[in-house]
Amino acid sequence: MSPALDVPRELAEPAERGTLTIGHAVVRKIAQHAAGAVPGTARDAKKGPKAKVGGHDNDVDLALDLALHYPAAVRVVVGDVREKVTEEVELLTGYRVRTLAVTVSALLPDAPPRVR
């Protein structure tokens, strides 16, 4: 091996290394995935939760639209969704969830109807 490969490189100062920007589309996907993983949420017409993302810098504002299984303890499930989405977005992106609005747009039965 050459001596140059054995010597560890000095890293530049963090401010000089560059920047990382995580787009709102990525934050939206993370929020949707996290919300859909919460027990009690349902897929509405083969689609999971929908999210909109706003904000600037390291603060994001989220709006979720989702369906729940019927019957469901709406407040409990929505509270779990808020907790899971906030935790995942902040952990994976480093952004702070400033606001999180949740709309329950449907209550879907666990079993499909017997008559179509």
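My aim in this report is to walk through the structure given alongside it, one point at a time. (Residues numbered from 1 in each chain as written. Predicted model: local features only at pLDDT ≥ 70, side-chain atom pairs only at ≥ 80, totals over all residues. Heavy atoms only, no water.)

## Some thoughts on the overall build of the protein chain
- Within the protein chain, the regular secondary structure consists of three helices and four strands.
- Traced from its N-terminal end to its C-terminal end, the protein chain shows the element sequence α-α-β-β-β-α-β.
- Considering only residue pairs separated by 6 or more positions, the protein chain has 71% of its internal contacts joining residues 24 or more positions apart.
- Carbon and sulfur atoms provide 56% of the accessible area of the protein chain, an area that totals close to 8400 Å². (Helix = DSSP H or I, 4+ residues; strand = E, 2+ residues; numbered from the N terminus. Contact = heavy atoms within 4.5 Å. Areas by Shrake-Rupley, 256 points an atom, 1.4 Å probe, with all protein chains shown as cover.)

## Comments concerning a nonpolar patch on the surface
- A cluster of nonpolar side chains, Tyr70, Val74 and Leu107, forms an exposed patch at the surface whose accessible area comes to about 280 Å².
- Structurally, Tyr70 can be placed in strand 3 (residues 59-70). (Patch = residues over 30% accessible without salt bridge, like charges linked within 9 Å, V, L, I, M, F, W, Y side chains within 5 Å. Salt bridge = Lys/Arg side-chain N within 4 Å of Asp/Glu carboxyl O.)

## Side note on unusual backbone geometry
- The omega torsion of the bond from Tyr70 to Pro71 falls at -5°, within 30 degrees of zero and hence cis.
- Along the polypeptide, Pro71 turns up in the loop between strand 3 and helix 3 (74-93).
- The backbone of Asp57 shows a phi angle near 55°, a positive value even though the residue is not glycine.
- Relative to the helices and strands, Asp57 is located in the loop between strand 2 (50-56) and strand 3.

## Let's talk about the packing of helix 2 (residues 24-36) against helix 3
- Packing of helix 2 against helix 3 brings their axes to within 9 Å, and their N-to-C directions diverge by 140°. By the criterion of interaxial angle, the relationship of helix 2 to helix 3 is oblique. Seen along the crossing, helix 2 lies across helix 3 with a hand that is right-handed. Contacts from Val27, Ile30, Ala31, Ala34 and Ala35 in helix 2 reach Val81, Lys84, Val85, Glu88, Val89, Leu92 and Thr93 in helix 3.
- When the residues that make up the contact of helix 2 with helix 3 are grouped by side-chain class, the tally is nine nonpolar, one polar and two charged. (Axes fitted to C-alpha atoms, helices over the stretch in contact; angles between N-to-C directions. Parallel < 35°, antiparallel > 145°, perpendicular 65-115°, else oblique. Left-handed = near helix turned anticlockwise from the far one by under 90°. Nonpolar A, V, L, I, M, F, W, Y, C, P; charged D, E, K, R; others polar.)

## Concerning helix 2
- With 13 residues, helix 2 should reach 18 Å at 1.5 Å per residue; the first-to-last C-alpha distance of 18 Å fits that figure.
- Among all positions of helix 2, only Val27, Ile30, Ala31, Gln32, Ala34 and Ala35 are buried. (Expected span 1.5 Å × (residues − 1). Buried < 20%, exposed > 50% of the residue type's maximum accessible area, 1.4 Å probe, protein only.)

## Side note on the environment of Val104
- Looking at the secondary structure, you find Val104 in strand 4 (residues 96-109).
- When its relative accessible area of 29% is taken as the criterion, Val104 is described as partly exposed.
- Counting along the chain gives 40 residues from Val104 to Leu64, while the straight-line C-alpha distance between them is 8.4 Å.
- Setting aside its immediate chain neighbours within four residues, Val104 contacts Leu66, Leu68, Val74 and Val78.

## Details of helix 3
- Its 20 residues give helix 3 an end-to-end C-alpha distance of 28 Å, which sits within 8% of 28 Å, the value for a rise of 1.5 Å per residue.
- Taken together, the buried positions of helix 3 are occupied by Val77, Val78, Val81, Val85, Glu88, Val89 and Thr93. Along the axis of helix 3, the buried residues cluster in a sector spanning 105°; they form a single face. Within helix 3, the exposed residues directed more than 90 degrees away from the buried face are Arg75, Val76, Glu83 and Leu91.
- Just downstream of helix 3, Gly94 is the residue with a positive phi angle, here 80°. (Arc of directions from axis to C-beta.)

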